[in-house]
Amino acid sequence: MVVGAVRAGVPTSGGVVAAVGYRVGPGRGASATGRGLVRRRRRRWVRITAFGATTLLVAAGGVGWAVYAKLSGNITPDEAAAAELAKYDKERPTSLVKDARNILLIGSDSREGRDNARYGRDSGTERSDTTILLHLSAGRGSATAVSLPRDLMVDLPGCRRPDGSRSAPRFAMFNQAFQLGGSACTIRTVEKLTDIRVDHHVVVDFHGFKEMVDAVDGVQVCLREPIDDRAAKLRLPAGRVTLNGEQALGYVRARKTLGDGSDTERMERQQRFLGALVNKVRSNDVLLNPVKLYPVLDAATSSLTTDPKLASLRGLYELVRGLRDIPMEQVQFLTVPRESYAYDTNRDQLVEPAAERLFERLRTDAPVAVEGDGLQRHAPLRRPDTRDGAYGDSFPGPYRGPAVTVSPPPTFRGNTAAEDACE
């Protein structure tokens, strides 16, 4: 703007910086003619500058709104599920802890659409290929993701089918709930099984999963043995490998040639992958870099169906804004305690009382622990004489009394996002 002042014939020495960005000498305008000339030019520059700034703000706001509208428009609100759940609201469990949240993550095996059709024939139905109950603690100090086996034998409620008819209650595999009545039927089944209120739900298909992995430039995993699975179209060497979206999908879905071929092994592999994905997003400055964040958000939202409260960027932001501060060792993954079903070894049933112990901890927002070997810890904890609440939510407020013995949280087989599978 100093150049503009020189061109206007305004001296630049011995003056002060004017509001519009050029310098005016104190001697200029000693005559009426000079003072009027400067004022007219000053008003003109102010108008030009103000108009330019306003134009930039409007343009920036327009671009920002366009981006926001596009990303929000990517998300499909699950209005049908909301209406169905509203009919049974009095039967649903009550949330026991304010601000704690339970989100049901459903991976759909739908073959609908060109990109998903390559994974099999579209029969017009879909089942939940993967289902995870994600519990976020009230203080957002921890996140616990519990995998629910698709072959788990459970009581399914009567559900509204896509054609408007209703199914009869039945005892069947868990993933049939999604086939019968979509996300609403799956939510009601989970709530009946766990007595935990599901606050939100998210459904993502094969295409959305792949796009998310590619948006973060792949996810690194550690393979103890090489993989050659023709069904999953997956051929990888042993050691550290960065998977692209297509490879990642094959990795988390394969079960015939990886491990012991069981669904339990597959769920544990999925959990390790999700931990690696969380690490990649957190360590790659994605959350703080708009250039990196936009493609991730675009991919993450492009294939999402959620409850109406989450079906916008604002809804998602309000849910996850506290998650970035959770320590990686407090992002936990585990499978609900299960064993082979007594009447069919190809199906699962809950192990009691371990499963109910887990559900009760989640209902009351009480801590749980995970260990790779699944061993229970029996050594009691000793509470020191402290005033800083070092033990978190388990010991709120100052404490001045003598040390007391308390029971440790129950431990379940699982892993955390901080673990390295290669070590």
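Look above for the structure.
All values reported here derive from a predicted model rather than from experimental measurement. (Residues numbered from 1 in each chain as written. Predicted model: local features only at pLDDT ≥ 70, side-chain atom pairs only at ≥ 80, totals over all residues. Heavy atoms only, no water.)

Caption draft 1: The nonpolar core, seen in detail. Of all hydrophobic cores here, the largest spans 33 residues; its most connected members are Leu-104, Val-336 and Leu-358. Mapped by element, the contributors of at least two residues to this core are α3 (79–87), β4 (101–108), β7 (153–156), α5 (176–194) and α11 (354–363). Sorting elements by how many residues they give to this core places α5 first, with seven residues. Beyond its immediate chain neighbours, meaning those up to four positions away, Leu-358 contacts Val-146, Leu-334, Val-336, Pro-337, Val-368 and Phe-412. (Core = buried A, V, L, I, M, F, W, Y, C linked by side-chain atoms within 4.5 Å. Buried < 20%, exposed > 50% of the residue type's maximum accessible area, 1.4 Å probe, protein only. Helix = DSSP H or I, 4+ residues; strand = E, 2+ residues; numbered from the N terminus. Contact = heavy atoms within 4.5 Å.)

Caption draft 2: Spotlight on the state of the cysteines. Within this structure, the stated rule accounts for one disulfide. Disulfide pairing places Cys-159 opposite Cys-185 at an S-S distance of 2.0 Å. Negative torsions about the S-S bond denote left-handed disulfides, and the value of about 70 degrees found for Cys-159 with Cys-185 makes this one right-handed. Of this pair, Cys-159 sits in the loop between β7 and β8 (170–173) while Cys-185 sits in helix α5, placing them 26 residues apart in sequence. Per residue, the accessibility class of Cys-159 equals that of Cys-185, and both read buried. (Disulfide = S-S within 2.5 Å.)

Caption draft 3: Inspection of unusual backbone geometry at higher detail. Note the cis peptide between Glu-352 and Pro-353, where omega equals 10 degrees. Here Pro-353 shows up in the loop between β17 (344–350) and α11. Despite not being glycine, Arg-140 shows a phi value in the positive range, around 55 degrees. On the secondary structure map, Arg-140 appears in the loop between β5 (128–136) and β6 (143–147). In this model, Asp-195 sits at a positive phi of 60 degrees, which is unusual for a non-glycine residue. Along the chain, the position of Asp-195 falls in the loop between α5 and β9 (200–204). For Asp-195, a relative accessible area of 44% puts it in the partly exposed group.

Caption draft 4: Structural view of the pattern of salt bridges. Under the counting rule described, the total for this entry stands at nine salt bridges. Measuring nitrogen to oxygen at the nearest pair gives 3.8 Å for the salt bridge that ties Glu-84 to Lys-87. Placement of the pair is Glu-84 and Lys-87 together in helix α3, with a separation of three residues, close to one helical turn. According to the relative accessible area criterion, Glu-84 is buried, its value standing at 7%. (Salt bridge = Lys/Arg side-chain N within 4 Å of Asp/Glu carboxyl O.)

Caption draft 5: Local environment of the packing of helix α7 (residues 245–253) against helix α8 (residues 263–283). Direction vectors running N to C along α7 and α8 enclose 145 degrees, while the axes themselves pass 8 Å from each other. Residue-level inspection shows Ala-248, Tyr-251, Val-252 and Arg-253 of α7 in contact with α8, the latter providing Arg-266, Arg-269, Gln-270 and Phe-273. Grouping the constituent residues of the contact of α7 with α8 by class yields four nonpolar, one polar and three charged. (Axes fitted to C-alpha atoms, helices over the stretch in contact; angles between N-to-C directions. Nonpolar A, V, L, I, M, F, W, Y, C, P; charged D, E, K, R; others polar.)

Caption draft 6: Seen up close, empty space enclosed by the protein. One pass over the structure, following the stated rule, counts three cavities of 30 Å³ or more. Estimates place the volume of the largest cavity at around 90 Å³. Contributing to the lining of the largest cavity are 13 residues, with Ser-95, Leu-96, Val-97, Asn-102 and Arg-363 lying nearest its centre. Each residue belonging to the lining of the largest cavity can be placed in one class, and the counts come to five nonpolar, four polar and four charged. The calculated volume of the second largest cavity comes to roughly 60 Å³. In terms of lining, the second largest cavity is formed by Asp-129, Thr-130, Thr-131, Ser-147, Leu-148, Pro-149, Arg-150, Asp-263, Arg-266, Met-267 and Gln-270. Contributing elements (two or more residues each) for the lining of the second largest cavity: β5 and α8. Ranked by residue count, the leading element in the lining of the second largest cavity is α8, at four residues. Among the residues forming the lining of the second largest cavity, the class breakdown is three nonpolar, four polar and four charged. (1 Å grid on protein atoms, 1.4 Å probe; cavity = no way out; pocket = protein on both sides within 12 Å on 5 of 7 lines; lining within 4 Å. Points joined across faces, edges and corners; volume = space filled by probe spheres on them.)

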